[in-house]
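Topology and contacts: notes
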Amino acid sequence: MSMPTTQLYQEYYNAKQLKLPLNYEVLIPYDSEVRTFDEVFRRIDVRKYLVEGSPLGRTGYNPVNMFKLILFCQMEKIVSLRAMAKAAQNDVRLMWLTDETKPSHDTIKRFMEDHLKGNIEELYHEINQYIIGKEKLDMTRLFIDGTKIEANANRYKFVWKGSIEKFRDKLNKKISKIIERINKRLELEGVYFLIQTSYQPEDLKTIRAYLENEVEHQGIKFIYGKGTRKSAIQRDYEEVAAYQERLVEYEKYLAVIGPDRNSCAKTDYDATFMRMKEDHMRNGQLKAGYNVQIGVADEYILHLDIFQDRSDYRTFIPFLEGYFQAYAEHPKYPVADAGYGGLKNYRYVKANKMEIVQKYSMYRKDTTDKKYQEDPTRPVNFKVDEAGNYYDANGEKLSFLWHSKKGHDVYEAPLSKKRYDINEELWLLQKEARENLESELGIDLRIQRSIQVEGAFGVLKEDFRFRRFRRRGIQNVKFEFFLLAIGYNLAKYHNKKFRVTA
């Protein structure tokens, strides 16, 4: 009796054999993303971004194909090096685009370091120039906004400038005490070290060198362990050495933080601790991050920059300066929210023949709260006589005190002793901002700002899954975000190219 067979015969059985044609182009639809990418890339002069390699060793991958691989992966939201290498192995579009270039993730990393990193900003703006020409973008309107993105740093290892300065002051007092003790011990030898209010590592280096010579001259051997009694020289030397090392550490971190910051992360010195919008613990916890600023026009990110400053206000001028360097002109309408409005920024806008279309901190109350607008206690509503004298709500004549560094005049009411800030220039500029923003054009600009620039951040965070930097250091972070913006603009160009309009 024969055993029953378990082999199954499929009616539509097909062995996995190669089929002609082998031309990948036949398999790619006309509206595929890769065809849009190829259209843009053909207009870019890649040769100026290439560096001549060494004639020694094996011949490397075609650099043009490597460029295509990396940038198309950005367009397709593939940012991991290993994911890029995997896509090159399996994605038919990449096989067609790069002539079947299949590098390892290490090769991609080296290529980025050698060819892309130093040229990424120039490449980004060259791609933008092509899109500007094809899409006929309106360069007069630039919608500006910023967001805080978490750095790739340990959340619990950070340094605060205020704490360092406080600890350094305490350390200076300890150093003074030990120097007094050393001077007293060496009084008979005629040796005296200067006692100061603050010390530098070099000051302790001199004392440490003297103690080392004294130890060597007297032939003293340092002892350690429980039950041993250290000599006075050993105790002095160890304390001075420890204090010197702490001073060096304090000076290092103060130099890293610089005059314009108040903190840094120990695992990414360029990152500053900021309050993030994504507060999962809901306790206002600070996290190491960067302030990312973008300028959007007709849905494209035309300019970007990374700042260490927590405030958007101080990024406005350097951001527009960078935009001018890239495009040789300023936008007529640099639209921004209330975080950017202020005297310094308004002056810059007027000096460069731009329109004041940036809100200021009290803009909403100035335009919606009638009681606030007519409040007689506000300095802007004080009466002024023909001689230019100010009178407060009680009719008291104000006396001028001084002109502050912030640009306003400080006045005082003699009887009540209340002080008021008077700044007619700022009031006039704020009035101009209100008139511009309340006009028909201004209303449209405000609506478009919230749609375009906040929409761009929404796409980057949700569609591109970009909520934390992968790299460390501000230059590496800029490189990462430029790659992301290139991918965003290329994807936007493709989507608008095949957008169906009613």
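In the block above lies the structure referred to throughout.
Source: prediction; values computed, not measured. (Residues numbered from 1 in each chain as written. Predicted model: local features only at pLDDT ≥ 70, side-chain atom pairs only at ≥ 80, totals over all residues. Heavy atoms only, no water.)

This paragraph deals with the nonpolar core. Grouped burial of nonpolar side chains is what soluble globular proteins tend to show. Of all hydrophobic cores here, the largest spans 102 residues; its most connected members are Leu116, Ile294, Leu302, Phe469 and Phe481. In terms of residue count, the dominant contributor to this core is helix H16 (residues 474–497) (13 residues). Those residues in contact with Leu116 that sit more than four places away from it in its chain are Phe67, Ile70, Phe111, Leu123, Phe479 and Leu483. Counting residues in hydrophobic clusters, the runner-up holds 23 residues, among them Val159, Ile175, Leu204 and Tyr253. (Core = buried A, V, L, I, M, F, W, Y, C linked by side-chain atoms within 4.5 Å. Buried < 20%, exposed > 50% of the residue type's maximum accessible area, 1.4 Å probe, protein only. Helix = DSSP H or I, 4+ residues; strand = E, 2+ residues; numbered from the N terminus. Contact = heavy atoms within 4.5 Å.)

The subject of this paragraph is the packing of helix H7 (residues 161–185) against helix H8 (residues 201–218). Contact pair H7 / H8: the axes reach a minimum separation of 13 Å and the direction vectors enclose 35°. The crossing of H7 and H8 is left-handed. Mapping the contact onto sequence places Ile175, Ile179, Ile182 and Arg185 in H7 and Leu204, Ile207, Leu211 and Glu214 in H8. Classifying every residue of the contact of H7 with H8 by side-chain character gives 6 nonpolar, no polar and 2 charged. (Axes fitted to C-alpha atoms, helices over the stretch in contact; angles between N-to-C directions. Left-handed = near helix turned anticlockwise from the far one by under 90°. Nonpolar A, V, L, I, M, F, W, Y, C, P; charged D, E, K, R; others polar.)

Let's shift gears to H8. Along an α-helix, residues three or four apart share an orientation, since each turn contains 3.6 residues. Between the first and last C-alpha of H8 there are 26 Å, a value that for 18 residues agrees with the 26 Å anticipated at 1.5 Å per step. Those residues of H8 that fall on the buried side of the exposure criterion are Pro201, Leu204, Ile207, Leu211, Glu214 and Val215. Seen along its axis, H8 keeps its buried residues to an arc of 140°; they face one direction. H8 presents Glu202, Lys205, Thr206, Glu216 and His217 as exposed residues on the side facing more than 90 degrees away from its buried surface. Residues of H8 that are buried in the fold lie against H7 and helix H9 (232–257). Following H8 by one or two positions, Gly219 has its phi on the positive side, about 70°. (Expected span 1.5 Å × (residues − 1). Arc of directions from axis to C-beta.)

For the coordinates displayed, the defined rule picks out 23 aromatic pairs. Geometrically, the ring pair formed by Tyr30 and Phe498 is edge-to-face, given 6.1 Å between the ring centres and 70° between the ring planes. Of the two residues, Tyr30 sits in the segment before helix H1 (33–41) while Phe498 sits in the segment after H16, which places them 468 residues apart along the sequence. The class of Phe498 is partly exposed, set by a relative accessible area of 31%. Both rings, one in Phe466 and one in Phe469, keep their centres 5.1 Å apart while their planes meet at 80°; by these two values the pair is edge-to-face. Side by side, Phe466 and Phe469 carry an identical accessibility label, which is buried. (Phe/Tyr/Trp six-rings, centres within 6.5 Å; stacked < 30°, edge-to-face > 60°.)

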